[in-house]
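Chain by chain, the residues run as shown.
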Amino acid sequence: MKLITLDNLKDIVKDSMTIMVSGFMGCGTPHKIIDKLVELGVKDLTLICNDTSWTHYGVGKLIVTKQFAKVKTSHIGLNPESIRQLNEKETDFELIPQGTLAERIRSAGAGLGGFLTPTGLGTVVQDGKKIIEVDGKEYLLELPLKADVALISAYMVDKKGNCYYRGSTRNFAPIMAMAADTVIVEADKVVEVGEIQQENVVTPHIFVDYIIDGEKN
């Protein structure tokens, strides 16, 4: 049985882990899991996410409580506390172009050694990275991003772990589910196996380790 409760998170998410959290400005973020991590006070985490949301919403709550040692993300502009921590060097932020961030996560899930992109050439993004020439053009070698735990959200999840996403809440969840050692999905609804039509399954159960029923937790 993959169903667990929010209290079980204390045995899964530990200090100093690398976690991925799905969402785009909090849309598609597992909010109840985030609230539980704030309560647990797990610390020194490395976060991989699209953005740091707002101070009162999504992963922004964990920014405010300073539970991250490092954040790898594409955008922090909506969260003044992220900006303050960056400027004061209280937290290590790695700002990554959004498409590059997504592809680095996808590369980890696909078992690739990285990919080549022209994005970031001639900017601070290229600092410390290999430049590879292909057919007379230069590219940055971007390496995969993997996590110990991926925390994702889905609208409907069956008891086996098959996931259906609604609208734009899908965003980063499918690729994050493929790029972590342990995957926990917070479900808006948990249904019986077979209630999700096969063609609507985006993340198959094989990628999901645990399910948290958002209606009961």
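Keep in mind that most residues, glycine aside, have a negative phi and that most peptide bonds are trans. Positioned with a positive phi, D44 is a non-glycine residue whose angle comes to about 60°. The topology assignment puts D44 in the loop between α1 (31–40) and β3 (45–48).

In an α-helix there are 3.6 residues to a turn, and that puts residues three or four apart on one side. For α1, the complete set of buried residues consists of I33, I34, K36 and L37. Summarising the axial view, the buried residues of α1 lie within an arc of 160°, below the 170-degree limit, and thus occupy one face. Residues of α1 that are buried make contact with β2 (18–21), α2 (60–64), β9 (147–158), β11 (180–191) and β12 (210–213).

All right, on to the sheet that holds strand β6 (residues 115–117) then. Reading across from one edge, β6-β8-β7 is the order of the three strands in this open sheet, with antiparallel pairing throughout. Edge strands, defined here as strands with exactly one partner in the open sheet, are β6 and β7 (131–134). For this sheet, the mean angle separating the axes of adjacent strands, direction not counted, is 45°. Sheet topology note: the β6/strand β8 (residues 137–142) ladder contains three bridges and is antiparallel. Bridged to T117 within β8 is L140. In the packing of helix α4 (residues 98–110) onto the sheet, contacts are made with β6 and β8, and the angle to β6 comes to roughly 165°.

In this section: the environment of G26. Residue position: G26 is located in the loop between β2 and α1. Looking at G26, the relative accessible area reads 4%, which means it is buried. Separated by 25 residues in sequence, G26 and D51 place their C-alpha atoms 8.5 Å apart. In this structure, G26 is in contact with H31, D51, S53 and Y57, ignoring residues within four places of it in sequence.

Before going further, it helps to spend a moment on a nonpolar patch on the surface. A surface patch of nonpolar side chains, about 190 Å² in accessible area, is lined by L116, I132 and V134. Within the element layout of this structure, V134 appears in strand β7.

Applying the stated criterion across every chain yields a total of 14 salt bridges. Put simply, K66 and E90 hold a salt bridge, and the shortest N to O gap is 3.1 Å. Remark: E90 occurs in the loop between α3 (80–87) and β5 (92–95) and K66 occurs in the loop between α2 and β4 (68–73); sequence separation between them is 24 residues. Look at K66 and you get partly exposed, because its relative accessible area is 46%. Owing to a relative accessible area of 38%, E90 belongs among the partly exposed residues under this scheme.

Here the focus is the pairing of β12. Pairing geometry for strand β1 (residues 3–4) and β12, over two bridges, is parallel. In the strand pairing of β12, I4 is matched with I212. Both β11 and β12 contribute to a ladder of four bridges, which runs parallel. Within β12, the residue paired with E186 across the bridge is I212.

Procedures and definitions
Residues numbered from 1 in each chain as written. Predicted model: local features only at pLDDT ≥ 70, side-chain atom pairs only at ≥ 80, totals over all residues. Heavy atoms only, no water. Helix = DSSP H or I, 4+ residues; strand = E, 2+ residues; numbered from the N terminus. Buried < 20%, exposed > 50% of the residue type's maximum accessible area, 1.4 Å probe, protein only. Arc of directions from axis to C-beta. Contact = heavy atoms within 4.5 Å. Pairing = 2+ DSSP bridges. Axes fitted to C-alpha atoms, helices over the stretch in contact; angles between N-to-C directions. Patch = residues over 30% accessible without salt bridge, like charges linked within 9 Å, V, L, I, M, F, W, Y side chains within 5 Å. Areas by Shrake-Rupley, 256 points an atom, 1.4 Å probe, with all protein chains shown as cover. Salt bridge = Lys/Arg side-chain N within 4 Å of Asp/Glu carboxyl O.

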